[in-house]
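Examining the three-dimensional arrangement
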Amino acid sequence: MNILILGSGGREHALAWKLVQSSRVNKIFAAPGNAGTALSGVNLQIDPENFAEVRKAVSENAINMVIVGPEAPLVAGIHDFFLNDSYLRNIPLIGPSGKAAMLEGSKDFAKSFLVRHSIPTAAYRSFSRDAIREATKFLQTLEPPFVIKADGLAAGKGVAITSSLEEAEKELKEIGSGKFGEAGGKVVIEQFLKGIELSAFIITDGRSYKLLPSAKDYKRIGEGDTGLNTGGMGAVSPVPFASKGFMEKVRTRIIEPTLSGLAEEGIEYKGFIFFGLMNVSGDPYVIEYNARLGDPESEVIIPRIRSDLFDLMEGVATGTLAEKTLEIDDQYVATVMLVSGGYPGSYAKGHEISGLDSVKEALVFHAGTKLSDGKVVTSGGRVLAVSHHGRSLKEALDGAYSNARAITFKDIYYRTDIGFDLQ
Ligand code: AMP
Ligand code: GLY
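In this text the structure is predicted, and so the values were computed from the model without any measurement. (Residues numbered from 1 in each chain as written. Chains lettered and ligands numbered in written order. Predicted model: local features only at pLDDT ≥ 70, side-chain atom pairs only at ≥ 80, totals over all residues. Heavy atoms only, no water.)

**Quick word on unusual backbone geometry**
What counts here: Strands are runs of DSSP state E lasting at least two residues, helices are runs of H or I lasting at least four, and both sets are numbered from the N terminus onward. Per-residue accessibility, obtained with a 1.4 Å probe over protein chains only, is compared with the maximum for each type, and a residue is labelled buried under 20%, exposed over 50%, and partly exposed between these values.
The amide bond that connects Ser237 to the next residue, Pro238, takes the cis arrangement and shows omega of -5 degrees. Cis geometry is adopted by the peptide bond preceding Pro344, which originates at Tyr343 and carries an omega value of 10 degrees. Inspection of the secondary structure assignment puts Pro344 in the loop between β18 (332-340) and β19 (363-366). We note that Asp225 has phi near 60 degrees; this positive angle belongs to a residue other than glycine. Of the residues examined, Asp225 reaches a relative accessible area of 30% and is grouped as partly exposed. Residue Asp411 is not a glycine yet carries a positive backbone phi of 65 degrees. Following the sequence through the fold, Asp411 ends up in the loop between α13 (393-404) and β23 (412-413).

Given below as structure tokens:
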């Protein structure tokens, strides 16, 4: 089997690393990939959002399955494009239809879905962009902290949480005047949930599902969860407080009502669902849905999957997931993200990375790297995810950090406190 993975981050490298271990996989392609995916397969310099280019790559490379990493092609309808094309129709694509991906692509859609199916979530109201005055009036009736979200995809920047009414009003005004373009066509104002976050992941063929390992990521740039939001600075799996009892609540109150809600509404879903959750005094609430795996959560989840991932993906594609088994390693895995100095603001690219050869025990997943004249150089904000197994969380974290210290590039930065709140 030849597989094409769309995307270019640590998540896609982890997928490629795992899939190439399957005896049923012949060749892996990644588009556009990075210097890490090039170790597991072949990179194709195409844009995952250019569906005509994807089609050409699928036919030229005799691809048998496509796995979509990031959300943008899903929300733009790549699944539907495949179903409507006489050649691509026969090539399974792992990832939901455009309608189903609206669970991630529109916060207003996700919130109304959650409420329709009585799934626990923060109370909310949504307003269209031309009703900002009404939104502001509503805001003034609430208690801080205020949670304001742009409706559409905003590359992780669409959520503002502030205890100042003035700042909240300013945010509304800016969304009203087009700060997020199309993504800010509507605005959601919601109740602030106090608790501790974690993420749950499933794969589903639309009928049955398998629960993947839980994970917790660390989104802020600074130690102690301070400073600007990033794509994620590190992650751990499993999450110690995601006990059997808590996960049972997640299954019965959140995962299963989500799947039955999708089925009731006639929305077919084949792929990953990422549930961003808040544990509020022992009860799970949905903060958000994502229509894909998380990054860097993938870099701790995928190394814990013992089963053949291709076999599971085939189960998703053919509607036979119920017949497949998912075996999970009970060790911990922690990952630390090495980033370019300046990220998530502006940063330089093209710095040579050294020390990769001296990493012996850890898994190094490439995020923002590329090959330049035979050398691996930085090419993004998040550069490398260093993942390590351990019998305890501490052992996993110590291993990730000792290997991370062996890697250097100019202006390297990483948080030294991943997992700080869990030990
Ligand atoms: P999102 O982009 O929806 O994941 O939101 C970004 C972050 O904002 C989340 O990871 C949470 O830390 C926080 N957040 C979002 N919604 C809420 C809420 N209703 N209450 C508390 N925190 C929230
Ligand atoms: N790490 C969060 C995300 O992938 O959205």
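Resuming the write-up.
**Things to note about helix α8 (residues 132-139)**
Selection rule: Taking the helix axis as origin, the arc is that swept by the directions to the C-beta atoms. Only heavy atoms enter the contact rule, under which two residues are in contact if any of them lie within 4.5 Å.
When we look at burial in α8, the residues that qualify are Ile132, Ala135, Thr136, Phe138 and Leu139. Here the buried residues of α8 occupy an arc of 160 degrees about the axis, which is enough to place them on one side. With respect to the buried face of α8, the exposed residues turned more than 90 degrees away are Arg133 and Lys137. Looking at the buried positions of α8, the neighbouring elements they touch are β6 (124-128), β7 (146-150), α9 (165-176) and β9 (186-190).

**Quick notes on the nonpolar core**
Note that soluble globular proteins tend to have their nonpolar side chains buried in a common cluster. Rules: Definition used in this section: a nonpolar core is a set of buried Ala, Val, Leu, Ile, Met, Phe, Trp, Tyr and Cys residues joined via side-chain atoms within 4.5 Å.
Counting 66 residues, the largest nonpolar core has Leu19, Leu212 and Leu338 as its most contacted members. Looking at this core element by element, the count peaks at seven residues for β18.

**Notes on the site of ligand 2**
Applicable threshold: Whether a residue is near a molecule or strand is decided by its heavy atoms; if any one of them lies within 4 Å of it, the residue is near. Polar contact criterion, stated in full: a pair of N or O atoms within 3.5 Å, where within protein one must be able to donate a hydrogen and the other to accept it, and residues adjacent in sequence count only if both atoms are side-chain atoms. Here the Shrake-Rupley method, with its probe set to 1.4 Å, supplies the accessible areas, and only the displayed protein chains count as covering residues. The residue classification treats Ala, Val, Leu, Ile, Met, Phe, Trp, Tyr, Cys and Pro as nonpolar and Asp, Glu, Lys and Arg as charged. All others, Gly included, are polar.
Every residue lining ligand 2 is accounted for by Asp217, Gly231, Phe274, Arg292, Gly294, Asp295, Pro296 and Glu297. With respect to ligand 2, the side chain of Asp217 contributes an N or O atom lying 2.8 Å from a nitrogen atom. At 2.9 Å, a side-chain N or O of Glu297 approaches a nitrogen atom of ligand 2. Compared with its free state, where it exposes 200 Å², ligand 2 has 87% of that area covered by protein. The class makeup of the residues in the shell around ligand 2 is two nonpolar, two polar and four charged.

**A closer look at the pairing of β9**
Counted only if it meets this: For two strands to be treated as a pair, DSSP must find no fewer than two bridges joining them.
Of all five residues making up β9, four are buried, and the element is well covered by its neighbours. Of the pairings in the sheet, the one linking β7 to β9 comprises four bridges and is antiparallel in character. Considered in β9, the bridge of Ile148 is made with Ile189.

**Things to note about the packing of aromatic side chains**
To describe a pair of aromatic rings, you give the distance between the ring centres and the angle between the ring planes. Note the threshold: Pairing of aromatic rings covers Phe, Tyr and Trp, the last through its six-membered ring, and needs centres within 6.5 Å; plane angles under 30 degrees mean stacked, over 60 mean edge-to-face, and all others mean tilted. The criterion for a charge sitting over a ring is simple: Lys NZ or Arg CZ within 6 Å of the ring centre, and within 35 degrees of the ring normal.
With the rule as written, the count across this model stands at nine aromatic pairs. Ring centres of Trp17 and Phe365 lie 5.5 Å apart, and the angle between their planes is 75 degrees; this geometry places the pair in the edge-to-face category. Here the residue Trp17 occupies a position in helix α1 (residues 10-19), and Phe365 occupies one in strand β19, the gap between them amounting to 348 residues. When its relative accessible area of 23% is taken as the criterion, Trp17 is described as partly exposed. Among the aromatic residues, those joined into a ring-pair cluster are Phe113, Phe275 and Tyr289. Lying over the aromatic face of Phe138, Arg125 brings its terminal NZ or CZ to 4.8 Å of the ring centre. The positively charged end of Lys216 is found above the aromatic ring belonging to Tyr218, 4.5 Å away from the centroid.

**Considerations on the sheet that holds β7**
Short version of the rule: Axis angles are defined between N-to-C directions and span 0 to 180 degrees, where every axis is a line fitted to C-alpha atoms and, for a helix, only to the segment in contact.
Taken together, four strands build an open sheet; the order of strands is β6-β9-β7-β8 and the sheet is antiparallel. Looking along the sheet, the strands with just one partner apiece sit at the ends: β6 and β8 (159-162). For this sheet, the mean inter-axis angle between neighbouring strands, taken without regard to orientation, is 20 degrees. Strand direction decides the pairing type here: β6 and β9, joined by five bridges, are antiparallel. Its bridge partner lying in β9, Ser128 is registered against Lys186. Strand contacts of α8: β6, β7 and β9, with the helix running at about 155 degrees to β6, the strand carrying the most contacts.

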